[in-house]
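Coordinate inspection notes
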Amino acid sequence: MSFNSYEFALFFPVVVLISYLVPGRLRTFWLLISSYFFYMSWNPRYALLIALSTLITWGAALVIGRLPDTSVRARRGVLLITLAANLGILFVFKYANFTLASVESVLTALGIRCHSVRLDVLLPVGISFYTFQALSYIMDVYRGTITPEKDLLRYALFVSFFPQLVAGPIERSGRLLPQLDRLAGRSRAELWDAGRVMEGLLLMLWGLFMKLTIADRVSPLVRNVYENYHEMGAVEIAVAAVLFSLQIYCDFGGYTCIARGAARVLGIELMQNFRQPYFARGIRDFWRRWHISLTSWFTDYLYIPLGGNRRGALRRYLNILIVFGLSGLWHGASWNYVIWGLLHAFFQITEDLFTRKTRKSVHIPDLFRIIGTFAVVTVAWIFFAADSCGSAIGILGQCFRAFHMKELCSLGLDTSAWAALGICTALLLLVDLIHEKGMSVFAGFRRIALPLQALMSAALLWTVILLGAYGGSYDASFIYFRF
Amino acid sequence: MMRRLFIFVFSFLLSMMLAGAVLHTVLVDDTLSYTRIMLHEMHHPAENIDVLFVGSSHCYRSIVPEITDSGFDAYTFNAGSGSQSMDGSLAMVREAAARNRLKQVFIEVYYGVAPRAAYRSRTQLTGIWILSDYLRPGPNKASYLLNASSSRYYMDGLLPIRRNWKRLFRPSEIASILKAKSTVTYRNHAAPAAEIYDDGSVEQYLERGFVANNGVLRDSGNWNDQWCDPIEPDRIHEDHWNSLRSILELCRQKGIRASLFLTPMPDATIAGKSDYEKYKEKVRSEIADYDAELTDFNLLREDRFDGNDPALFCDWNHINETGARIFSELLSAYYSGHIPAQELFYRDLEEKLAAQPERLYGAYLGKPSDEGRQCRVACNRMDGGGTFRVVWTAEGGEQTVLLDHDDPGSPQGSFLLPRGEKGDVDIYWHIGTKELSVRLRYNDKD
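Residues numbered from 1 in each chain as written. Chains lettered and ligands numbered in written order. Predicted model: local features only at pLDDT ≥ 70, side-chain atom pairs only at ≥ 80, totals over all residues. Heavy atoms only, no water.

**Brief notes about the sheet that holds strand S15 (residues 422–431) of chain B**
All names here are of chain B. Reading across the sheet, the 4 strands line up as S13-S12-S15-S16 and stay open at both edges, with antiparallel pairing between neighbours. Each end of this open sheet is capped by a strand with a single partner; those strands are strand S13 (399–403) and strand S16 (434–443). Going from strand to strand, the sheet's axes swing by 20° on average, the running direction of each strand aside. As defined by bridge partners, S15 adjoins S16 across 10 bridges and the pair is classed as antiparallel. By the bridge assignment, Trp-429 is partnered in S16 with Leu-436. (Pairing = 2+ DSSP bridges. Helix = DSSP H or I, 4+ residues; strand = E, 2+ residues; numbered from the N terminus. Axes fitted to C-alpha atoms, helices over the stretch in contact; angles between N-to-C directions.)

See the structure below:
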C-alpha cells in the first residue's frame, strides 16, 4: 500500500477517524494495528521481522536499563548482541546475496572455481529504516540519554509507525516516544485541531505534487536515457542526469512530505528530512540538508564514536570514507551505491582541503557554489541511478565520446510534458527559495484569508490531478522504497 | 474554529467545482460525440422507453428507431455505441431501466467486441469512456468504471479533463473548442453536423442513437485481413458472459423480455469464419438458464436481405442506412410475429452459402513474416470445392505462378506473397464447370 494509491486514500481517513474517536490507550493500540496492517499490505510475512526486531530491542533495552551503570561489560554485551541480532537480520535479507556474489567474483578473478550460492529471500520494504530506528533507540538507552520504554505497545508503535515506517524519516526515540505518550493522553477535543489537520493535509498534497507532477513525470525520460545510454549523446545524458537529481529529490522529498503530513494529521510531528538540498553551498552543507535523519544517525552513532574530527585530519578523512561508504551500502546492496557514497566522501574531503587552503583568499559567490555543488551531486547520482558500476562508468564515458544530440521530445517527454514539468519545477523552486530565505510558506499561507487559502489549495489539488503522471503508463513506486 | 473550518471547506469545494467546470469546458472536446447526444436523449426521452437496443457499432448503425417504433408499436431506443462491450451494454440497460418501464431489451452480440482477457486488463478504454462520461453520477456509473479496468485508469475514467490535460498547452485547440461549444447546436444537445469521409460517404447522427451512413461497398474483389481469423469462442473471457447473464438476470427480475441478435454483415465477412456456428452455440449455452433466444440475421434469405449486395453495406462490417431501414423492418416484423422464421432465415451458414452461386470475394491478407505474407483465397465454398490458381505479376511485368490447379495445396487456396513489393495478384477459381476470377492490387512497398 503506497502513499499514492487508492488503497491508502481509503485507509488513511479510516485510521484518522477511529484514532480521533477512540480513547487514549486504545489509540496507541489502534495506530499499532493500523501500522502493522499498512506494512503487511506489502507482504504479511514482513510483520514477523519487524516484530522480532521490536521485541529484541525492547527486551534488550529493559535489560540494559536494569543493569547498574557499573556493569559496563554486561551492558556492552547486551548492546552488542542486540546490534548483532538486528544487523544480522538486515544482513541476511539485504546483504547476504550481495556478499556471496562479491566473494564469488573475487574467487573467480583469482582463478578459484566455486559454486554459486544464493539465498532465496525477499528484501522486506523499509527494513533499513526501521532497523536503524530501533538501533538508535537501544544505543540511546545504552548511553543513558533516554530511559527504556516499558510499554511494549508504545515502543512497537515507535518502530512501526506507518507514516515513517517504509522510507523514514528515521526518528529518534527521544523525539517520537514522548509524542506517542502524549498522544495517548490527549482528549478528542485536544486532538482535533482544524488548523493542524489542514496543514497536515496540505503537506500531504504538496508531497503528492512533488511525487506525481515532477518525479513521476521525468521518470520515463531518465529510464530511457540510462537504459539506452549507448545510443545517447552528452547532452541527453546531461539532461537525464539533471532530471534524475530532480526526480530523486521530488520522489524522496515528496514521500517525506506525505509522511510528515499524515503524522501531523494524527497529531505527531516528524522531523524535517530535507531542507532545500539543491541550494547547498558545498557537499558538507548538502548533507546537512539531504536525508537529514540518516546523516544525523550516521553522525551520532558512527562518525562520532569513530572519533569524528577529534583525532586529526587523516583520521577524520578515514572516518568520512567509512561513514559514506557504509551510507552508500545502506542505500543498496550493490557496488554502485558504495561508489556513490565514496564519491561523496571524496568530494567532502576535497572540499575540506580546498577550504583549509583558501579560507581567506578566495571568495566564491553563493550562486557558483550552489551550481557547483549541484553539479557534483548530480554526477554522483549517476552511480545511484545506474544498474551497476559498469553502467555508471559507461554513462559517464558516453559524455566524452558522443556529441550528437537527439530531439529532446523524442527521449520520453513530449512538448506538453516538458511544459508541465517546467511549470511544476518552477513552483517547487519558488517554494524552496522562500524557505531558503528563512520564510515559511505555511506561515504565509495561514495569514491570508480563508477563501483564498481554499482557492490555492484547490488549485494545487487540480494541478496534481491534471499534471500528475500516473495511470497506465507510469511506474508510480517510490524510489526509496527499494531500500 | 468550526466557523473557520466551514468557510474553508465550503470555499474549497466551491473552488474545486468551479475550476472543474471551467476546465471541462475548455479541455474536453465532445462537440462531435454521438454518445453525448444519445445519452442526453435517453435521460430526457419524449416518452417512456419501451424497447431498448444495446450493443456495438453494429447496433447503432443498424436499428432505426422511427421504423422499430411502428414495428413494435412502442417507443424504441437505440443505445448502441462504438465498441460497446457487454459490460457497457449492462450499464446502458441499467441506465435506461432506472427511469423507464422497459418491456423488451435486444442485446446485439457481435463477436468482435467480446474480449479474450479480463476487463481489468484493458488498456484501450475509449469505448468505455464514451459511455461513462455521460452516465448519470450514481451506482451504475461507479460500478461500470470500477469494473471496466484496473485501478490505474480510475482517475482517467472519472475525470475526462484528466485525459485532455495536454490541451492546456494548445491554446488554438481551446479556442476551437470554446467556439464549437458556444453554438446553439451544442448547447441544445442537437446532433452534430454530418461527417463527410474521404470516399464521399456521409455519416450523420439522426435520432435516439441511430447513426446513418450512406456509404456503399465499392470493391467486389478485395484484400481483407480479418475474413479468415477464427472467432475462437472458447477464448472469450468469462467477464463477457457474466455481464451478459447480468443483463438477463436484471431483465428477469424486472419482467423485461430479453432477446439476443446478430446484425447482418456481408457474406464475405463471415464465410471464412470456420467456427461461426460454434460461436452461436457458445452464446446459447452461456444463456441456457434464461428465457432468451439468439437470432442470427446473417441467415436472412437473399430475397429479404442480400448479404452480397454492396449497396446495403458501408464497409465489411456494417450495414448502411439503406440496409438499416430494411433490417429494422425485418427485425420488427419478425419479433412482432408477423413473419415466421422459416420465411426469413436459412437454418445455418452452411445452408445459406450452399444455396448461393459460387462467389470469389478476394483474399485474406496474412500477417507478414520473413518468408513473405501468407495469404488465402476467400470464397463462399471455403472448405472444399474446386482448385485455385494464383498468378503474381510484379511491377516490372514479371509473372510467377504462386499456386496452380494441379498443386497438392491448391484446394486450400494458400499462397505466399513477397514482402516489399508491388504488383497484381490474379486468382482463378476452377469449380465444377465454372471458372471465376478476381484481380487484386498488392502493395507492400509504400
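**Looking at the pattern of salt bridges**
Per the counting criterion, the structure on display carries 52 salt bridges over all chains. Here Asp-234 of chain B ties to Lys-278 of chain B by a salt bridge, and the two come within 3.6 Å at their closest N and O atoms. Taken as a pair, Asp-234 of chain B in the loop between strand S7 (222–224) and helix H12 (238–254) and Lys-278 of chain B in helix H14 (residues 276–286) lie far apart in primary sequence, 44 residues in all. Of the residues examined, Lys-278 of chain B reaches a relative accessible area of 43% and is grouped as partly exposed. Across the pair Arg-373 of chain B and Asp-444 of chain B runs a salt bridge whose closest N-O atoms are separated by 3.4 Å. Placement of the pair is Arg-373 of chain B in strand S11 (residues 373–379) and Asp-444 of chain B in the segment after S16, with a sequence separation of 71 residues. Side by side, Arg-373 of chain B and Asp-444 of chain B carry an identical accessibility label, which is buried. Look at the salt bridges and you will find they share partners, linking Arg-281, Asp-285, Arg-288, Arg-289, Asp-366, Arg-369 and Glu-436 of chain A into a network. (Salt bridge = Lys/Arg side-chain N within 4 Å of Asp/Glu carboxyl O. Buried < 20%, exposed > 50% of the residue type's maximum accessible area, 1.4 Å probe, protein only.)

**Here's the deal with helix H16 (residues 366–385) of chain A**
Between its first and last C-alpha atoms H16 of chain A spans 28 Å; for 20 residues at 1.5 Å apiece the expected length is 28 Å, and the two agree. Those residues of H16 of chain A that fall on the buried side of the exposure criterion are Ile-370, Thr-373, Val-377, Thr-378, Ala-380, Trp-381, Ile-382, Phe-383 and Phe-384 of chain A. (Expected span 1.5 Å × (residues − 1).)

**Regarding the interface of chain B and chain A**
Across the contact, 27 residues belong to chain B and 31 residues belong to chain A. Approximately 2,600 Å² of surface area, both sides summed, lies buried where chain B meets chain A, with 72% of it carried by carbon and sulfur atoms. Counting across the interface, chain B meets chain A through 1 salt bridge. Notably, a salt bridge pairs Lys-166 of chain B with Asp-414 of chain A, separated by 2.3 Å at the nearest N-O pair. Here chain B is connected to chain A by 7 residue pairs in polar contact (both at pLDDT 80 or more). Elements represented by at least two residues in the side of chain B that touches chain A include exactly helix H1 (2–27), helix H8 (154–158) and helix H9 (160–163) of chain B. The element contributing the most residues to the side of chain B that touches chain A is H1 of chain B, with 13 residues. (Contact = heavy atoms within 4.5 Å. Buried area = accessible area lost by both parts, 1.4 Å probe. Polar contact = N/O pair within 3.5 Å; in protein donor to acceptor, adjacent residues only side chain to side chain.)

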